[in-house]
Amino acid sequence: AQTVTQSQPEMSVQEAETVTLSCTYDTSESDYYLFWYKQPPSRQMILVIRQEAYKQQNATENRFSVNFQKAAKSFSLKISDSQLGDAAMYFCAYRVGDSNYQLIWGAGTKLIIKP
Amino acid sequence: DAGVIQSPRHEVTEMGQEVTLRCKPISGHDYLFWYRQTMMQGLELLVYFNNKAVMDDSGMPKDRFSAKMPNASFSTLKIQPSEPRDSAVYFCASSFYRLNTEAFFGQGTRLTVV
């Protein structure tokens, strides 16, 4: 079965500190893409970062970076210099390279930023 | 492009009434997804279309839910009759038929069935 597990229902971090959100997945496919989405209180789903499974190098977007461990099927998100605007639900997802290109989603992690 | 457009943003209805949610995907996108988000169940895929054809509707309660995509720029999700347990936020999303592309989401419709 294709699944995504986000083991931390909720995380909190002090403003300006660094936090890491975990995500593990299970797929037998060799070709896939991984995504992190952010859902702030406005409920708009926003793409934060993406990673191609064939790339060894970890993706980075400003203060957001990933730690992609393909063998361990792990795809964690690191947020550096946390800001109040980072408070949101964060969803991990992947898209498999089969004929249907489905998106498989995790349950989400709620991130709280303490001022 | 204006992005994925959903209407209405909010809907309050009485149990037993018919509810229709609407979605306009991003022009040129091949895929259209309908998701339901609740506190308990997270983000559930109800149904998705590829070039207007249903690819998978196994997540949709078929006794009361129906989804249609009559053309490439419009889709509806209908609930008849509605029940209080249908109260949730319903998202529509669209994407290209490619592995390396993300799904773009609409603002969602918050449905409350009383």
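Right above here is the structure, for reference.
Residues numbered from 1 in each chain as written. Chains lettered and ligands numbered in written order. Predicted model: local features only at pLDDT ≥ 70, side-chain atom pairs only at ≥ 80, totals over all residues. Heavy atoms only, no water.

### Things to note about the pattern of salt bridges
Okay, step 1: Summed over all chains, the structure comprises nine salt bridges over all chains.
Okay, step 2: Ionic pairing is found between A:Lys73 and A:Asp26, a salt bridge with its closest N-O pair at 3.5 Å. Taken together, the residues span a long stretch of sequence, with A:Lys73 in the loop between strand E8 (64–69) and strand E9 (74–79) and A:Asp26 in strand E4 (residues 24–26) at a distance of 47 residues.
Okay, step 3: Owing to a relative accessible area of 26%, A:Lys73 belongs among the partly exposed residues under this scheme.
Okay, step 4: For A:Asp26, a relative accessible area of 36% corresponds to the partly exposed category.
Okay, step 5: Across the pair B:Arg64 and B:Glu83 runs a salt bridge whose closest N-O atoms are separated by 3.5 Å. A residue pair is termed long-range when its members are at least 10 positions apart, and B:Arg64 in the loop between strand E6 (53–56) and strand E7 (65–71) and B:Glu83 in the loop between strand E8 (74–79) and strand E9 (88–95) qualify at 19 residues.
Okay, step 6: Note on B:Arg64: relative accessible area 8%, which makes it buried.
Okay, step 7: According to the relative accessible area criterion, B:Glu83 is partly exposed, its value standing at 23%.
Okay, step 8: Three or more residues are tied together by salt bridges with common partners; here these are B:Arg64, B:Glu83, B:Arg85 and B:Asp86. (Salt bridge = Lys/Arg side-chain N within 4 Å of Asp/Glu carboxyl O. Helix = DSSP H or I, 4+ residues; strand = E, 2+ residues; numbered from the N terminus. Buried < 20%, exposed > 50% of the residue type's maximum accessible area, 1.4 Å probe, protein only.)

### Examining the interface of chain B and chain A
Okay, step 1: Facing 27 residues of chain B, the contacting portion of chain A comprises 21 residues.
Okay, step 2: Carbon and sulfur atoms supply 50% of the area buried between chain B and chain A, which totals about 2,100 Å² over both sides.
Okay, step 3: Broken down residue by residue, the surface that chain B buries against chain A is led by B:Leu99, B:Glu102 and B:Phe105, which jointly contribute 31%.
Okay, step 4: The interface formed by chain B and chain A contains one salt bridge. (Contact = heavy atoms within 4.5 Å. Buried area = accessible area lost by both parts, 1.4 Å probe.)

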